[in-house]
Amino acid sequence: MAIHYFVEPEGLDTHEMYLNGLSTSLPFDTQIKMVKSVPGLENASILRPGYGIEYDFFPPQQLKPTLESKTIKNLFFAGQINGTSDMKKRGVKE
């Protein structure tokens, strides 16, 4: 099984590149070893280490059909916090 990585530019006005497909929040020294282990990137350097993001979850049973909280008036939720993110993506694909 091959793992595919894509080297992508970070923007139009920079020489920085992003290694898409290698997501990690491991210690910085481990990230350096991982990147350098990819064929063709043995001499690469990392400008900023990767980091992890933790997401909270809000139970959809606690929401009205309008996605407003049942307990806090005028507080609306959408996206990953209540699991609707994949539904939006699915709707775009169909």
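Just so it is clear, the model here is predicted, and its values are computed rather than measured.

1. Structural notes on the confidence of the model for the protein chain
Then comes step 1: Mean pLDDT for the protein chain: 83, with 85% of residues reaching 70 or above.
Then comes step 2: Contacts of residues 88–94 to residues separated by more than four positions or lying in other chains number one contact, the stretch itself having pLDDT below 50.

2. Focus on the side chain of serine 69
Then comes step 1: Turning to its location among the elements, serine 69 is positioned in the loop between α1 (28–36) and α2 (85–93).
Then comes step 2: A polar contact is formed between the side chain of serine 69 and the backbone nitrogen of isoleucine 72, at a distance of 3.0 Å.
Then comes step 3: Setting aside residues no more than four positions away along its own chain, serine 69 makes contact with Phe58, Gln62, Leu63, Lys64, Leu75 and Phe77.

3. Some remarks on the nonpolar core
Then comes step 1: Listed in full, the five residues of the largest apolar core are Leu19, Leu22, Val35, Val38 and Leu41.
Then comes step 2: Beyond its immediate stretch of four places on either side in the chain, leucine 19 contacts Tyr5, Phe6, Val7, Val35 and Leu41.

4. As for the pattern of salt bridges
Then comes step 1: Using the criterion set out here, one finds two salt bridges in the structure.
Then comes step 2: We note a salt bridge from glutamate 16 to arginine 48, for which the minimum N-O separation is 2.5 Å. Taken as a pair, glutamate 16 in the loop between β1 (6–9) and β2 (17–20) and arginine 48 in the loop between α1 and α2 lie far apart in primary sequence, 32 residues in all.
Then comes step 3: According to the relative accessible area criterion, arginine 48 is exposed, its value standing at 55%.
Then comes step 4: Close ionic contact of glutamate 68 with lysine 64 constitutes a salt bridge, the shortest N to O distance being 3.5 Å.
Then comes step 5: For lysine 64, a relative accessible area of 36% gives the class partly exposed.

5. Looking at a nonpolar patch on the surface
Then comes step 1: A surface patch of nonpolar side chains, about 420 Å² in accessible area, is lined by Tyr51, Ile53 and Tyr55.
Then comes step 2: Assignment of secondary structure puts isoleucine 53 in the loop between α1 and α2.
Then comes step 3: Look at isoleucine 53 and you get exposed, because its relative accessible area is 53%.

About the thresholds
- Residues numbered from 1 in each chain as written.
- Predicted model: local features only at pLDDT ≥ 70, side-chain atom pairs only at ≥ 80, totals over all residues.
- Heavy atoms only, no water.
- pLDDT = per-residue confidence, 0-100.
- Contact = heavy atoms within 4.5 Å.
- Helix = DSSP H or I, 4+ residues; strand = E, 2+ residues; numbered from the N terminus.
- Polar contact = N/O pair within 3.5 Å; in protein donor to acceptor, adjacent residues only side chain to side chain.
- Core = buried A, V, L, I, M, F, W, Y, C linked by side-chain atoms within 4.5 Å.
- Buried < 20%, exposed > 50% of the residue type's maximum accessible area, 1.4 Å probe, protein only.
- Salt bridge = Lys/Arg side-chain N within 4 Å of Asp/Glu carboxyl O.
- Patch = residues over 30% accessible without salt bridge, like charges linked within 9 Å, V, L, I, M, F, W, Y side chains within 5 Å.
- Areas by Shrake-Rupley, 256 points an atom, 1.4 Å probe, with all protein chains shown as cover.

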